[in-house]
Amino acid sequence: DAGVIQSPRHEVTEMGQEVTLRCKPISGHDYLFWYRQTMMRGLELLIYFNNNVPIDDSGMPEDRFSAKMPNASFSTLKIQPSEPRDSAVYFCASSLEGRGRFFGPGTRLTVL
Amino acid sequence: GQQVMQIPQYQHVQEGEDFTTYCNSSTTLSNIQWYKQRPGGHPVFLIQLVKSGEVKKQKRLTFQFGEAKKNSSLHITATQTTDVGTYFCAGPIQGAQKLVFGQGTRLTINP
């Protein structure tokens, strides 16, 4: 079985541009999570979905960030407009209720 | 605020030595999870502990959950170069699905 799939793996963009990160969770998992990892702040939960419904987005830093999950096999995290401080590794993870998280390989975002 | 603290932040050992990382929560946890992240990689789920005082082993790795369910430890016996990476504990402090991750312990090994 394929694990969590993320694209792109690397993204370099200029400040002010829109960035869209994509995630395909493990089939059958009913929870999907978006995390951001930086040296300064560690691993932070941005938002999570249960059965495609956003449950908690309190970790989303600003209105510039938005996430959607139109179906059970696809989610996006969008940053518009992007800023240099958004540079980080963004991970998508999925799980069954009460179980461990299965992380994707991550998207390394650099905003110039 | 409620958080999960891990010590030490860094640990360098000689291959063959033992290694332990400790995790402490400001609140009682319903469970604790451990993850390993290799350099340049993504966190990989290792184990979940649920019961007070629980001890689980995975080959050379021993995981413990404290009696009060506020602390946990990961012990690696006779480290190997494949053990290199950062080890994170995580607990559902702010809701069952909202795992809060510790800052991790980065393990490096001298072969």
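Residues numbered from 1 in each chain as written. Chains lettered and ligands numbered in written order. Predicted model: local features only at pLDDT ≥ 70, side-chain atom pairs only at ≥ 80, totals over all residues. Heavy atoms only, no water.

Caption draft 1: Layout of the overall build of chain A. Along its length, chain A carries zero helices and 11 strands. Going from N to C terminus, chain A has its helices and strands arranged as β-β-β-β-β-β-β-β-β-β-β. The C-alpha atoms of chain A give 13 Å as radius of gyration, which agrees with the globular expectation for 112 residues (13 Å, within 12%). The principal-axis extent of the C-alpha atoms belonging to chain A is close to 35 × 25 × 25 Å. Of the contacts made within chain A by residues no fewer than 6 positions apart, 53% connect residues no fewer than 24 positions apart. Surface exposure of chain A reaches about 5700 Å², of which carbon and sulfur atoms provide 49%. Between the mean site of the 12 positive side-chain charges and the mean site of the 13 negative ones, chain A shows a separation of 4 Å. (Helix = DSSP H or I, 4+ residues; strand = E, 2+ residues; numbered from the N terminus. Rg over C-alpha atoms; globule rule 2.2 N^0.38 Å. Contact = heavy atoms within 4.5 Å. Areas by Shrake-Rupley, 256 points an atom, 1.4 Å probe, with all protein chains shown as cover. Lys, Arg positive; Asp, Glu negative; His and termini not counted. Charge placed at Lys NZ, Arg CZ, Asp CG, Glu CD.)

Caption draft 2: Region of the structure containing the interface of chain B and chain A. In this assembly, 13 residues from chain B lie in contact with 18 residues from chain A. Interface of chain B and chain A: buried area, both sides summed, is about 1400 Å²; carbon and sulfur atoms make up 54% of it. It is B:Gln97, B:Lys98 and B:Phe101 that lose the most area in chain B upon contact with chain A, and together they represent 44% of the buried surface on that side. Summed over the shared surface of chain B and chain A, the result is one salt bridge. Residue A:Asp56 is joined to B:Lys98 by a salt bridge in which the shortest nitrogen-to-oxygen separation is 3.1 Å. The interface formed by chain B and chain A contains six residue pairs in polar contact (both at pLDDT 80 or more). (Buried area = accessible area lost by both parts, 1.4 Å probe. Salt bridge = Lys/Arg side-chain N within 4 Å of Asp/Glu carboxyl O. Polar contact = N/O pair within 3.5 Å; in protein donor to acceptor, adjacent residues only side chain to side chain.)

Caption draft 3: Just unusual backbone geometry, in detail. A cis amide bond links A:Ser7 to the next residue, A:Pro8, at an omega of -10°. That bond from A:Gln80 to A:Pro81 is cis: its omega, -5°, falls within 30 degrees of zero. Tracing the sequence through the fold places A:Pro81 in the loop between strand E8 (74-79) and strand E9 (88-95). Its identity as a non-glycine residue notwithstanding, A:Asn51 has a phi of 50°, on the positive side. Within the secondary structure, A:Asn51 sits in the loop between strand E5 (42-50) and strand E6 (53-56). Phi is positive for B:Lys69, which is not a glycine, with a value near 55°. Mapping B:Lys69 onto the fold places it in the loop between strand E7 (61-65) and strand E8 (71-76).

Caption draft 4: Highlighting the packing of aromatic side chains. Tallied over the entire structure, the rule returns 15 aromatic pairs over all chains. When the centroid spacing of 5.6 Å and the interplanar angle of 85° are considered together, the rings of A:Tyr35 and B:Phe101 count as edge-to-face. Taken together, the residues span two chains, with A:Tyr35 in strand E4 (residues 31-38) and B:Phe101 in strand E10 (residues 99-101). One exposure class covers both A:Tyr35 and B:Phe101, and it is buried. Within the aromatic cluster, the residues linked to one another by ring pairs are A:Tyr31, A:Phe33, A:Tyr35, A:Tyr48, A:Phe91, A:Phe102, A:Phe103, B:Tyr35, B:Phe45, B:Phe88 and B:Phe101. (Phe/Tyr/Trp six-rings, centres within 6.5 Å; stacked < 30°, edge-to-face > 60°. Buried < 20%, exposed > 50% of the residue type's maximum accessible area, 1.4 Å probe, protein only.)

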